[in-house]
Amino acid sequence: MGTHPGYMDTPKGMLVIISGPSGSGKGTVVKQLDTDKGFALSISMTTRNPRPGEEHGRDYFFVNEEEFIAARDSNGLLEHAVFVSNLYGTPRDYVEKEISKGKIVVLEIEVEGALQIREKFPEAVLIFLMPPDIGELGRRLSGRHTEDKMTIEQRLIRAKNEIKYISRYDYVVINDKVELAVERINTIVLAESLKPNRNPDLIENFKGDEFDVASFILRIDELTK
Ligand code: ADP
Ligand code: 5GP
């Protein structure tokens, strides 16, 4: 938590959405956001199979379709969407709990889910992460060695569609270098945390008894001693 009112210290919490084409580096960048600065990363539920090295409860909650539908139908998901034949959704409890603690909760989700969040929480901050160029997107996606050629093709088609929605986002961040992308996201969150509507208490202080001009003038000699 920072020292200046509002600096990474969001009394009401903040919901930050990171979207972007598959392979743009969302997962890589989001993992570098500093929990000491108040970031809390939501873990999604999905029906897709784990990739080598992915862990249940750390990267995703890997579930079957029945389990996913049960969570969705009991209002357990904040948003959900289909992405290249699999279901993905954000478990509601974690997000609500961390927001109420004043955390900056990060959802790494695709466009359809992001727009559902914008409807429900207009104050959410929507960030679109882009690779420096399309060639680099293809290189990163195939270089990850986690999908076959057909899945890569489907993900690139989806990427082409998702990019059409950039104008619905608040910010676009280029992921040329991971540390620069992280710095840009930190800067966005800092600026957002300084907005008047995120600091109602600060403004309230200057309206009330604390800011009584007459008594202030009477005490001015004492205050400036
Ligand atoms: P996404 O979560 O958006 O699908 P990943 O985080 O899995 O993307 O990144 C895709 C691949 O690109 C990974 O192999 C990752 O190591 C690599 N990558 C991510 N960011 C960068 C970057 N700034 N420069 C070079 N490679 C990157
Ligand atoms: P991947 O299979 O590469 O991990 O994720 C595929 C896509 O699903 C990515 O665009 C990722 O951001 C998105 N995604 C991951 N979790 C969620 C979620 O909970 N909800 C939605 N709507 N999309 C998600």
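Look a little higher up for the structure.
Residues numbered from 1 in each chain as written. Chains lettered and ligands numbered in written order. Predicted model: local features only at pLDDT ≥ 70, side-chain atom pairs only at ≥ 80, totals over all residues. Heavy atoms only, no water.

A. Representation of the packing of helix α5 (residues 134–143) against helix α6 (residues 149–162). Viewed as axis vectors pointing N to C, α5 and α6 meet at an angle of 145°, and their least axial separation amounts to 11 Å. The element α5 and its partner α6 pack so that their crossing is right-handed. Contacts between α5 and α6 involve Leu 137, Leu 141 and Ser 142 from the former and Ile 152, Arg 155, Leu 156 and Ala 159 from the latter. Class assignment of the residues belonging to the contact of α5 with α6 gives a composition of 5 nonpolar, 1 polar and 1 charged. (Axes fitted to C-alpha atoms, helices over the stretch in contact; angles between N-to-C directions. Helix = DSSP H or I, 4+ residues; strand = E, 2+ residues; numbered from the N terminus. Left-handed = near helix turned anticlockwise from the far one by under 90°. Contact = heavy atoms within 4.5 Å. Nonpolar A, V, L, I, M, F, W, Y, C, P; charged D, E, K, R; others polar.)

B. Representation of the nonpolar core within the structure. Within the largest apolar cluster, 18 residues are counted, with the highest numbers of intra-cluster contacts made by Val 16, Ile 18, Val 106, Ile 127, Val 173, Ile 185 and Val 189. Elements that contribute at least two residues to this core include exactly β1 (14–19), α1 (26–31), β7 (104–108), β8 (125–130) and α7 (178–193). Among the elements that make up this core, the one with the highest residue count is α7 (5 residues). What Val 173 contacts, discounting residues up to four positions off in sequence, is Ile 127, Phe 128, Leu 129, Met 130, Ala 181, Arg 184, Ile 185 and Ile 188. With 17 residues, the next largest nonpolar core counts Leu 78, Val 95, Ala 114 and Tyr 169 among its residues. (Core = buried A, V, L, I, M, F, W, Y, C linked by side-chain atoms within 4.5 Å. Buried < 20%, exposed > 50% of the residue type's maximum accessible area, 1.4 Å probe, protein only.)

C. Structural view of the site of ligand 2. Taken together, 16 residues sit near ligand 2, with Ser 44, Arg 48, Tyr 60, Tyr 88 and Glu 110 positioned nearest. Thr 90 places a side-chain nitrogen or oxygen 3.4 Å from an oxygen atom of ligand 2. One of the side-chain N or O atoms of Arg 155 is found 2.7 Å from an oxygen atom in ligand 2. Considering ligand 2 on its own, with 510 Å² of exposed area, one finds that the protein chains cover 96% of that surface. Contributing elements (two or more residues each) for the shell around ligand 2: β5 (77–83) and β6 (86–91). In the shell around ligand 2, the residues fall into 5 nonpolar, 4 polar and 7 charged. (Near = heavy atom within 4 Å. Polar contact = N/O pair within 3.5 Å; in protein donor to acceptor, adjacent residues only side chain to side chain. Areas by Shrake-Rupley, 256 points an atom, 1.4 Å probe, with all protein chains shown as cover.)

D. Inspection of the sheet that holds strand β4 (residues 61–62) at higher detail. Read across the sheet, 4 strands follow the order β4-β3-β6-β5 without closing on themselves; strand pairing throughout is mixed. The open sheet has two edge strands with one neighbour each: β4 and β5. Relative to β6, strand β3 (residues 45–46) runs antiparallel, the two being bridged by 2 bridges. Its bridge partner lying in β6, Thr 46 is registered against Tyr 88. Lying over the sheet, helix α2 (residues 65–73) contacts β3, β5 and β6, oriented at roughly 140° with respect to β5. (Pairing = 2+ DSSP bridges.)

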